[in-house]
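Architecture and fold: a report
Given next are the chains, with one letter for each unit.
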Amino acid sequence: MNENLEQKKWDKAYVPKDVEDHWVSSWAESGIFNSYPNFKKESFSLVIPPPNVTGALHIGHALNNTIQDFLARAKRMSGKDVCWAPGTDHGGIATQTVMEKILKAENTSRGKLGREAFTNRMEEWTANCKKTILGQLKKLGCSLDFSREAFTLDERRKTAVFHAFKKLWDDDRLYRGERLVNWCIRCGTALSDIEVEHEERKGNLWHIRYQEVSGGAGLVVATTRPETMLGDTAVAVHPDDKRYQGLIGKKLRLPLMNREIPVIADAFVDSSFGTGAVKVTPAHDPNDFEMGLRHQLSRIKVISPVGKITEEGGVYAGISREEARKKIIQDLESQGFLEKTEPHPHAVGICYRCQEIIEPLLSQQWFVKTHDLAVGALKALEEGKFKIHPHSWEKPYWDWLSGMNDWCVSRQIWWGHEIPVWYCLKCNALSRDVSFHQVPNLKGVVSREKPATCPICGHAEFMQDPDVLDTWFSSALWPFSVFGWPEKNEDIERYYPTKILVTGYEIIYLWVARMQMMGLYLTGTVPFSEAFIHGIVRDKKGKKMSKSLGNVVDPIQMMEKYGTDALRFSLISQARPGKDIIFSEDSLIAGRNFTNKLWNTARFALMNAVNLEKLNSPTDSQLEAADVWILSEYQKALTSVRQEIDVYNFAGAADQMYEFLWDKFCDWYVELAKLRLQGADLEAKKTAFTVLITILIGVIKMLHPLMPFVTEEIYSVLKNWDAEPADYLINSRFPLAPEVKETEENQKGMTALIEAVASLRSLRSGLGISPGIRWQSVSVWSKQGSENERNFLKDYPQYLKTLAQCDRIEFLEAPLNFAAAITPHFNLYVPLQGHDFKQVSERLKKELARIESDINKLSQKLSDPNYISKAAPEDVSETRLLYEAARSKKARLEEFLKALS
């Protein structure tokens, strides 16, 4: 045992910090989490979703890694060759954004530093972040093989990225071309479709008159973005819209720009939206871009990468898109083109990192052709080679893969994997100050290093592509690059493909789908056969946590305040597959209480330890009814926990553990065992202690994947009584269910006993009688068909006397002047003599009146359709819970009053 705790002789309250610091150090020094390929065992491997090196871990990381550690420890204790590989992600845009904020606070910028100095600063800063993150994972108790630490931007991963890029290039699955991309003007880079979030915002729909060149009235278009009209090259209507049949093919004059544009017919147009006529701006809208391709329309770029109007915008050139909107609306109104303005809420695309409004822009970018890759991933899902838990996530995963566009993988930032393409200045007629993303049809050489000479012209001057790869490109290779791919080594042979990926649903498209596509393409197999999708951690009001809302929970602070095991228990017990967690600090109190319950149970066992040279299993004749019952319940709990783990229902496993330890083992068996443990019969004492310590050691092993610190500390003292002692719990065997056969009569008898005691305790509480006052007697009247239960109480009267705190058990008909506790099998009567219940009766009547008033108010509230339709769902749910609780309390009060009568 920890020397510090040895001196304290197991203090009453569990002190997490001393214990946790000791075991974090001990585990690290022993190397017990390290994995070495063992082909004699079944392998179980998984890789950590690498946290971005943007700072410290948040509560979502704590949830994700606790689930993974639960699995890793449980599988290792089940005899598997477990490898859990750790690492961090360079984070691309996310990390660069954090650094740019730091530089801004220092009154400088990456532009002032220059690319090389900026990259060096990033490397220094991220090195410190990695240490912080890995240290926090250790503090969380994660059984990661830290000797395998990887980073998505280290040399080994750079080799993997280059190999993947080169193969895509050689297989004609990678190209550079001009496409309309999602552009963040703040981050200064293109984003893929799934890096764009959509937010409902209040806006307007402006109705603008486009007149015919011939002088006719023309038509009215409705738009939410009048600033893009500067780049209009057509107006489109539906070919079947009778309102505009006479205008199709005619010319209109573009307001403010005095440019002639055609009216075209396209089936994409929704005739019911606005006026049924839409402006077409191919350079600044994805739908318009596709329409422009169909009708060979020109593409006029009127918004620049920094969000300002270009020279193509005429008199509006040089002002921001926001200023341009205001001025254009003013000019349209003053010149008589603005017909009307109406409120119109609509979805706006925003950057997933900085929340800036996305600008669709034409740009030369690198794209991965995804069709064939997506087909491969869909086939793996269809054939069952890849499964998602819960299965409800398989359909959205399928739908997204079925409709995905080519993946834009180039980013206009400095932090990331530099695109390994070199351009000969001579062949491409390039100068180093060229506006690179506007130059089409460049001829490049794919190489990690600068080529010596150009293979075409022999020239020696090159310019490397200035962009870096999307951070998700290297992340997509993670399940195999972490083991050294493209090398063929023992780790790849043993641990790849991995068994399962544990991740949140918010990155199922960003990451899970891409790993499946790239894994199948580059290695010929799924990178993991299963994925467990958990929800996100929200605040107690159900809101997503964010720094701006001030509702972020720091897991380290929670661990320091309540203990790491308490935090792990709280998170796991709420981790229902695919469901969000509504996190409240109150849930940690339950976790801390559970930890203390386990600790105090172990203290009780040690204080009542029997000096046994060897722990031998008692014979059937030595076991009492309570022993047989608890061994049978232990058997059921172990079986249920294993089943829940096998189907990845971690919350269900935690529920089973909690219910057995607290509700059965501690509340009932330990109390009954005290009769023998504190009695004079040595043989009976040995039997009770043997059952107690055997189950306690098994419970500690069962709980270890969930609560590693407190269980390791307790086991370090109890392992001398373990039939198969291990140096550390993770090296022990997950407990096997004992061979015990409980008769139906015994099970029914114990159930009836528990019901009787619970009813008597409830009666005592309701009558206001102190737990320290013993009943003089309990008279038991058994109901018809309860002979077995009656005989059980007769055979074990000490059980009822001990648990119900009474001096005598009698089996009589219903006596007079007694209060009754009612169960399905018995009426249990306790004497009222010596107690003045007049005051108790008055108090109960007043409380009943108050509860009835509350029920009426809550009932009226729930019957009000306005409340149901307008109140927040969580408020309605809470009201329903209060209503049901009030009804339940009313029923109990009526029972108590009946007992007094």
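For clarity, every value in this text was computed on a predicted model and none was experimentally measured.

Quick word on the overall build of the protein
When you go through the protein residue by residue, the secondary structure sums to 28 helices and 31 strands. The buried share of the protein, reckoned over its 901 residues, is 53%. Accessible area of the protein: about 40500 Å², with a carbon and sulfur share of 49%. Each charge sign in the protein was given a centre, from 114 positive and 118 negative side chains, and these centres are 2 Å apart.

What about the environment of Glu106?
Along the chain, the position of Glu106 falls in the loop between helix 4 (93-105) and helix 5 (110-113). In sequence terms Glu106 and Asn428 are 322 residues apart; their C-alpha atoms lie 40 Å from each other.

Here's the deal with unusual backbone geometry
Across the junction of Trp485 and Pro486, the peptide omega takes the value 15 degrees, indicating a cis bond. With respect to the helices and strands, Pro486 occurs in the loop between helix 13 (478-481) and helix 14 (490-495). Cis geometry is found at the peptide bond from Tyr496 to Pro497, where omega equals 0 degrees. Tracing the sequence through the fold places Pro497 in the loop between helix 14 and strand 24 (498-504). Although it is not a glycine, Asn107 adopts a positive phi angle of roughly 60 degrees. By the secondary structure assignment, Asn107 is in the loop between helix 4 and helix 5. Backbone geometry at Tyr648 places phi at a positive 60 degrees, although glycine is not the residue there. Topologically, Tyr648 is positioned in the loop between helix 19 (625-646) and helix 20 (650-677).

Some thoughts on the packing of aromatic side chains
Under the counting rule described, the total for this entry stands at 31 aromatic pairs. Seen from their ring centres, Phe792 and Tyr796 are 5.2 Å apart, and the 40 degrees between their planes marks the pair as tilted. A cation sits over an aromatic face here: Arg494 above Phe39, 5.2 Å from the ring centre. Geometry around Trp662 places Lys597 over its ring, the cationic atom sitting 4.8 Å from the centre.

Describing the side chain of Glu195
Within the secondary structure, Glu195 is located in the loop between strand 6 (189-191) and strand 7 (196-201). One polar contact links Glu195 to Arg411, side chain to side chain, over a distance of 2.5 Å.

What about helix 8 (residues 286-295)?
Here helix 8 has its buried residues at Asp288, Phe289, Met291 and Gly292. End-on, the buried residues of helix 8 take up no more than an arc of 165 degrees, which puts them together on one face. For helix 8, the secondary structure elements touched by its buried residues are strand 5 (174-184), strand 10 (234-237), strand 12 (259-265), strand 13 (277-280) and strand 16 (359-368). Between the side-chain oxygen of the N-cap and the backbone nitrogen of Asn287 there are 2.9 Å, and the N-cap of helix 8 in question is Asp285. Two residues or fewer past helix 8, Gln296 is found with a positive phi of approximately 50 degrees.

Some remarks on the sheet that holds strand 6
Judged by pairing direction, the sheet is antiparallel, and its 4 strands sit side by side in the order 6-5-16-18 without closing on themselves. Sheet topology places strand 6 and strand 18 (407-408) at the edges, where each strand pairs with a single neighbour. With 3 bridges connecting them, strand 5 and strand 6 associate as antiparallel partners. Counterpart to Asn182 in the pairing with strand 6 is Leu191.

Quick word on the packing of helix 17 (residues 564-573) against helix 22 (residues 708-718)
Relative orientation of the contacting elements helix 17 and helix 22 amounts to 125 degrees, with a least axis distance of 7 Å. Classified by the interaxial angle, the pair formed by helix 17 and helix 22 is oblique. Along its contact with helix 17, which presents Thr564, Asp565 and Arg568, the element helix 22 presents Pro708, Phe709 and Val710. By residue class, the composition of the contact of helix 17 with helix 22 is 3 nonpolar, 1 polar and 2 charged.

Rules of the game
Residues numbered from 1 in each chain as written. Predicted model: local features only at pLDDT ≥ 70, side-chain atom pairs only at ≥ 80, totals over all residues. Heavy atoms only, no water. Helix = DSSP H or I, 4+ residues; strand = E, 2+ residues; numbered from the N terminus. Buried < 20%, exposed > 50% of the residue type's maximum accessible area, 1.4 Å probe, protein only. Areas by Shrake-Rupley, 256 points an atom, 1.4 Å probe, with all protein chains shown as cover. Lys, Arg positive; Asp, Glu negative; His and termini not counted. Charge placed at Lys NZ, Arg CZ, Asp CG, Glu CD. Phe/Tyr/Trp six-rings, centres within 6.5 Å; stacked < 30°, edge-to-face > 60°. Lys NZ or Arg CZ within 6 Å of the ring centre and 35° of its normal. Polar contact = N/O pair within 3.5 Å; in protein donor to acceptor, adjacent residues only side chain to side chain. Arc of directions from axis to C-beta. Contact = heavy atoms within 4.5 Å. Pairing = 2+ DSSP bridges. Axes fitted to C-alpha atoms, helices over the stretch in contact; angles between N-to-C directions. Parallel < 35°, antiparallel > 145°, perpendicular 65-115°, else oblique. Nonpolar A, V, L, I, M, F, W, Y, C, P; charged D, E, K, R; others polar.

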